[in-house]
Amino acid sequence: MASIFKKALTIFLVAFVLAAPTAAYERIVSLYPGHTDNIVALGGQSRLVGLSKNDDPSRLPELPRFAPNVGAEALLALKPDLVLTRTLVEKQNPELRGVLERAGVPMMLIDPPSWSGFVAYLRELAPLIGVAPQTAEAQLAQTCDEIRQTAAARRGGRPAPSVFVEATAKELHTCAPDSWAAHLIELAGGANAAAGAEPIRRGSAVAPWGLERVMKLLAEGLDVYLVQHGPMNRASLDEVKARQWAKALAAVTVAQIPEYWLSRPSLLGLTAGGAELIRIFYGE
């Protein structure tokens with residue numbers, strides 16, 4: 001009987017440890033804007049004490065901002081209990097982790113997820129700010145449902161608009177078929193005209209396309225030429241319309257959308273980007 005009890009107790013303790021939530025943090029420095037966006041969307045903005053210089057300037061403007069190469073002393077002055085970042089940022093500042101951890105401050109790396117990995121990402125992020133993983137997952141599902149339903153209502157019985165995304169002006173790269181941007185366009189009721197594009201490398205969000213293939217899409221009846229604007233593509237709408245071949249866009253809706261709405265994995269981006277895409281596709 002005693003051995004059976006011990007065995008049952010062991011199973012219970014193991015289950016408890018596996019199910020126990022990650023401790024929530026009270027003072028977080030976020031060095032990646034995507035983490036910031038999702039923390040804010042999940043209601044954890046009061047836990048943020050510092051942000052990345054790449055964060056939206058209007059997002060929590062009272063908080064200090066830091067470049068990727070920030071010194072540990074500047075972060076430690078905020079008395080954080082967690083520094084949250086991503087692998088790319090750590091590579092730009094490889095000494096930061098060691099200094100922070102010697103001072104007793106953990107640095108956690110969570111990389112931007114793919115579309116299919118976004119649920120797992122939210123389930124990892126949510127407990128850090130005291131939010132149940134199931135709550136974050138439900139919020140994502142509700143956001144996607146609202147975008148999908150709004151797009152369907154606005155679309156009516158019309159065919160999905162054919163959409164080409166200019167991800168980078170150089171060589172006219174577009175979004176890869178499995179990228180966040182491609183999935184968001186589909187969610188908002190559009191059809192990716194470059195669905196046959198092949199990523200530059202495995203897992204990349206961008207894919208080569210080129211002017212010749214763009215002109216072919218235009219000849220076949222493209223509906224929307226969507227310019228992603230941000231760090232990857234600085235081209236403005238005026239610059240696009242001044243290109244030598246711009247006359248071919250005369251019968252097409254040419255629109256611009258911020259990169260952080262179209263391509264950054266975030267709940268805030270889903271909401272804002274989805275609404276903007278629906279407006280572009282179907283008008284006000």
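Summarised in this report is the structure supplied together with it. Not measured: the values here are computed from a predicted model.

Describing the overall build of the chain
Item 1. Scanning the chain from N- to C-terminus turns up twelve helices and eleven strands.
Item 2. Viewed in the frame of its principal axes, the chain has a C-alpha envelope of about 80 × 50 × 35 Å.
Item 3. In the chain, the share of contacts with a sequence separation of at least 24, taken over all contacts with a separation of at least 6, comes to 64%.
Item 4. Just so you have it, the chain exposes about 14,700 Å², and 56% of that area is on carbon and sulfur atoms.
Item 5. Averaging the locations of the 28 positively and 28 negatively charged side chains of the chain gives two centres separated by 2 Å.

Quick look at the packing of helix α7 (residues 133-155) against helix α12 (residues 267-282)
Item 1. Contact geometry for α7 and α12: axes closest at 10 Å, N-to-C directions at 5 degrees. The orientation of α7 with respect to α12, classified from their angle, is roughly parallel. For the pair formed by α7 and α12, the contact residues are Gln139, Leu140, Thr143, Cys144, Ile147, Thr150, Ala151, Arg154 and Arg155 on the first element and Leu267, Leu270, Thr271, Gly274, Ile278 and Tyr282 on the second.
Item 2. When its residues are assigned to classes, the contact of α7 with α12 shows eight nonpolar, five polar and two charged.

Digging into the environment of glycine 221
Item 1. Structurally, the position occupied by glycine 221 is in the loop between α9 (211-220) and β10 (224-229).
Item 2. Given a relative accessible area of 42%, glycine 221 falls into the partly exposed group.
Item 3. Sequence-wise, glycine 221 and proline 161 are 60 residues apart; in three dimensions their C-alpha atoms are separated by 9.9 Å.

Looking at the sheet that holds strand β2 (residues 48-52)
Paired through their backbone hydrogen bonds, the strands of a sheet run either parallel or antiparallel.
Item 1. Pairing within the open sheet is parallel, and its five strands lie in the order β3-β2-β1-β4-β5. What marks the edges here is a single partner per strand, and that holds for β3 (65-66) and β5 (107-109).
Item 2. Pairing of strand β1 (residues 28-30) with β2 involves two bridges; the strand directions are parallel. Among the inter-strand pairings, valine 29 is bridged to a residue of β2, identified as glycine 50.
Item 3. Against the sheet, helix α2 (residues 33-41) makes contact with β1, β2 and β4 (82-85), and its axis sits at roughly 145 degrees relative to β2, the strand it touches most.

A short note on helix α6 (residues 118-125)
Item 1. Residues of α6 that are buried include every one of Phe118, Tyr121, Leu122 and Leu125, and no others. Buried residues of α6, seen end-on, are gathered within an arc of 95 degrees and therefore sit on one face of the element.
Item 2. If you follow the buried residues of α6, they end up packed against α2, β4, α7, α8 (180-187) and α12.

Focus: unusual backbone geometry
Item 1. One non-glycine residue, lysine 79, adopts positive backbone phi at about 55 degrees.
Item 2. As for its position among the elements, lysine 79 is in the loop between α3 (72-76) and β4.
Item 3. Classification of lysine 79 by relative accessible area gives exposed; the value is 66%.
Item 4. One non-glycine residue, leucine 172, adopts positive backbone phi at about 50 degrees.

Let's talk about the packing of aromatic side chains
Item 1. Following the criterion strictly, the structure yields eight aromatic pairs and no others.
Item 2. Between phenylalanine 118 and tryptophan 180, the aromatic rings sit 5.0 Å apart at their centres with planes inclined by 75 degrees, giving edge-to-face as the arrangement. Taken together, the residues phenylalanine 118 in helix α6 and tryptophan 180 in helix α8 connect sequence positions 62 residues apart. Pair check on accessibility: phenylalanine 118 and tryptophan 180 agree, each one buried.
Item 3. Between phenylalanine 164 and tyrosine 225, the aromatic rings sit 5.5 Å apart at their centres with planes inclined by 35 degrees, giving tilted as the arrangement. Residue phenylalanine 164 is located in strand β6 (residues 162-166), and its partner tyrosine 225 is located in strand β10; the two are separated by 61 residues in the primary sequence. Exposure class is identical for phenylalanine 164 and tyrosine 225. Each is buried.
Item 4. Aromatic ring contacts, followed pair by pair, group Trp115, Phe118, Tyr121 and Trp180 into a single cluster.
Item 5. Arginine 86 extends its terminal NZ or CZ atom over the ring of tyrosine 32, reaching a point 4.7 Å from the ring centre.

Cut-offs and rules
- Starting afresh in each chain, residues are numbered from 1 along the sequence in its written order.
- Owing to the predicted nature of the model, reporting of local features is limited to residues with pLDDT of at least 70; listing and counting of side-chain atom pairs is limited to 80 or more, with chain, interface and lining totals taken over all residues.
- To obtain the side-chain values, all non-hydrogen atoms of the structure were included, while hydrogens and water were left out.
- Numbering goes from the N terminus for both helices and strands, where a helix is a DSSP run of H or I of at least four residues and a strand is a run of E of at least two.
- Contacts are assigned to residue pairs with any non-hydrogen atoms lying within 4.5 Å of each other.
- The Shrake-Rupley method, run with a 1.4 Å probe, gives the accessible areas here. Residue values count only the displayed protein chains as cover.
- Under this rule, positive means Lys or Arg and negative means Asp or Glu; His and the chain ends count for nothing.
- Taken as the charge centre is NZ of Lys, CZ of Arg, CG of Asp or CD of Glu, depending on the residue.
- Between N-to-C directions, angles cover 0 to 180 degrees, with each direction set by a line fitted to C-alpha atoms, over the stretch in contact for helices.
- In what follows, roughly perpendicular refers to angles from 65 to 115 degrees, roughly parallel to angles under 35, roughly antiparallel to angles over 145, and oblique to any angle outside these ranges.
- Note on residue classes: Ala, Val, Leu, Ile, Met, Phe, Trp, Tyr, Cys and Pro are nonpolar, Asp, Glu, Lys and Arg are charged, and everything else, Gly too, is polar.
- Each residue gets one of three labels from its accessible area relative to the maximum for its type: buried under 20%, exposed over 50%, partly exposed in between, using a 1.4 Å probe on protein chains only.
- By this definition, two strands are paired if DSSP reports at least two bridges between them.
- This arc describes the spread of directions from the helix axis toward the C-beta atoms.
- The aromatic pairing rule takes the rings of Phe, Tyr and Trp, using the six-membered ring of Trp, and pairs them if the centres are within 6.5 Å, calling planes under 30 degrees apart stacked, those over 60 edge-to-face and the rest tilted.
- Distance and angle both matter: a charge sits over a ring if NZ of Lys or CZ of Arg is within 6 Å of the ring centre and within 35 degrees of the ring normal.

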